[in-house]
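Fold and geometry: a report
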Amino acid sequence: MSKTLKLLEKLITYDSSTKEGANDTIDYCKEWLNKHNLETEIVMNSGYKMLICTIGQGDKTLVLNGHVDVVSGKVGQFEPKIKNGKIYGRGSADMKAGVAAFMVAMTELQNVPLNDTKVQLQLVTDEEIGGNNCTAYLTDQGYLGDFVICAEPTQLGIGFQAKGILQFDIQLSGKSAHGSRPWEGENAIEKAFQFYNQILNLPFAKSSTDIYESPSINLAKINGGDVYNKVPDSCEISFDIRYLPTQNKDDILEQIKSITDGEITVNLTGPAVLNETTNPYIQQLITTIKEHTILEEVPLFGQHGFADTRYFSRYNVPAIEFGPSGESWHGDNECAIIDSLDIYKDIIVSYTKHF
């Protein structure tokens with residue numbers, strides 16, 4: 001069993017779906033890295049722990065960002081199982097496989113001449129619930145760099161763009177009436193569905209790029225009406241919009257406000273990630289991946305969801321998602337592909353040496 005696989009097996013045993021469990025995982029990572037003669041720093045914010053480990057003295061900084069927190073899982077999922085070339089368990093793919101590979105890579109790089117490069121490992125504990133306490137905090141405190149790799153499971157491809165996020169509720173009003181005489185009222189639920197169809201026809205909804213066919217518009221929640229025999233006079237609907245990297249959330253909100261008199265409450269926003277494949281750091285990574293795999297063409301794609309990369313993008317730091325192979329993350333059969341673990345680790349080591 002390789003060092004990377006053995007470490008991943010241990011990390012899976014931590015139920016890091018809670019703040020306490022994720023913090024305990026950070027403590028273990030610190031202990032493991034210290035045993036391998038690496039100095040670490042623990043940063044705290046709002047009760048969430050973060051681990052920083054830096055090697056090298058160069059002017060350029062490569063950031064390796066990973067999260068140890070996971071979504072909730074069944075009891076058995078925290079007992080790792082190896083079968084048919086895969087290691088099963090909650091967080092095996094998302095993203096303790098990448099974290100384990102990062103940690104082992106740091107041990108192999110600590111005594112290697114890195115020329116003008118400094119490498120900073122960042123391990124965080126709240127990515128699955130938004131990242132506001134950890135990576136958002138770290139970037140605001142100046143823990144940035146020249147290029148960032150987040151080890152999300154990408155099957156050794158590169159997620160070089162990501163959609164932004166805009167989540168909001170809108171309260172629509174109608175006029176109540178007896179259910180037997182609906183024409184005497186104004187049905188707020190019907191009004192909500194009409195509003196939904198109008199959103200789908202706004203200019204922002206029809207936009208596309210070379211990477212994305214369109215934004216993602218999800219009608220996520222609806223709440224209206226209380227009894228059968230009454231025309232509902234209020235309805236609240238909620239949207240989860242993932243907008244294109246070329247779009248602006250404020251412009252989208254203005255378009256939405258132009259078609260309604262409803263009260264809009266914005267609950268969550270997050271910037272998109274916009275990189276170009278011509279970026280020299282991305283080009284070098286493509287070359288390194290080809291050197292360590294049988295891939296003739298490295299998959300390059302845009303993500304529909306988002307990761308902690310978006311917090312670096314706020315500061316114009318190029319950040320990508322690049323990680324080992326896995327399956328069914330967040331699902332009952334989550335697993336990482338064992339052969340990809342050390343291939344990924346070796347790519348990180350080789351890439352860093354030539355950064």
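Note that this is a predicted model, so its numbers are computed, not measured.

Tallied over the entire structure, the rule returns ten aromatic pairs. Measuring from centroid to centroid gives 5.3 Å for F168 and F239, while their planes differ by 20 degrees, and the two rings are stacked. Of this pair, F168 sits in strand β9 (residues 164-173) while F239 sits in strand β11 (residues 234-243), placing them 71 residues apart in sequence. Across the pair, F239 and F168 agree in class, each one buried. An aromatic cluster of three or more residues is present, and its members are F147, Y281, Y351 and F355.

Moving on, we get to the nonpolar core. Among the nonpolar cores identified, the biggest contains 57 residues, and L121, I149, I158 and F322 are the most heavily contacted of them. Broken down by element, the residue count for this core peaks at eleven residues, all from helix α3 (residues 92-109). When sequence neighbours within four positions are dropped, the list of residues in contact with I158 reads I282, L285, I286, I289, V298, P299, L300, F301, I320, E321 and F322. By size, the runner-up hydrophobic cluster in this structure holds 22 residues, among which are L202, F204, A205 and F239.

Right, let's get into the packing of helix α1 (residues 3-12) against helix α9 (residues 338-353). In contact at an axis separation of 9 Å, α1 and α9 are set at 115 degrees when each is read in the N-to-C sense. In this view, α1 runs roughly perpendicular relative to α9, as classed from their interaxial angle. In the packing of α1 onto α9, the handedness of the crossing is right-handed. Between α1 and α9, the residues in contact are T4, L5 and L8 and I338, L341, D342 and K345, respectively.

What counts, and at which threshold
- Residues numbered from 1 in each chain as written.
- Predicted model: local features only at pLDDT ≥ 70, side-chain atom pairs only at ≥ 80, totals over all residues.
- Heavy atoms only, no water.
- Phe/Tyr/Trp six-rings, centres within 6.5 Å; stacked < 30°, edge-to-face > 60°.
- Helix = DSSP H or I, 4+ residues; strand = E, 2+ residues; numbered from the N terminus.
- Buried < 20%, exposed > 50% of the residue type's maximum accessible area, 1.4 Å probe, protein only.
- Core = buried A, V, L, I, M, F, W, Y, C linked by side-chain atoms within 4.5 Å.
- Contact = heavy atoms within 4.5 Å.
- Axes fitted to C-alpha atoms, helices over the stretch in contact; angles between N-to-C directions.
- Parallel < 35°, antiparallel > 145°, perpendicular 65-115°, else oblique.
- Left-handed = near helix turned anticlockwise from the far one by under 90°.

Everything listed here is a matter of geometry and, on its own, says nothing about what the molecule does.
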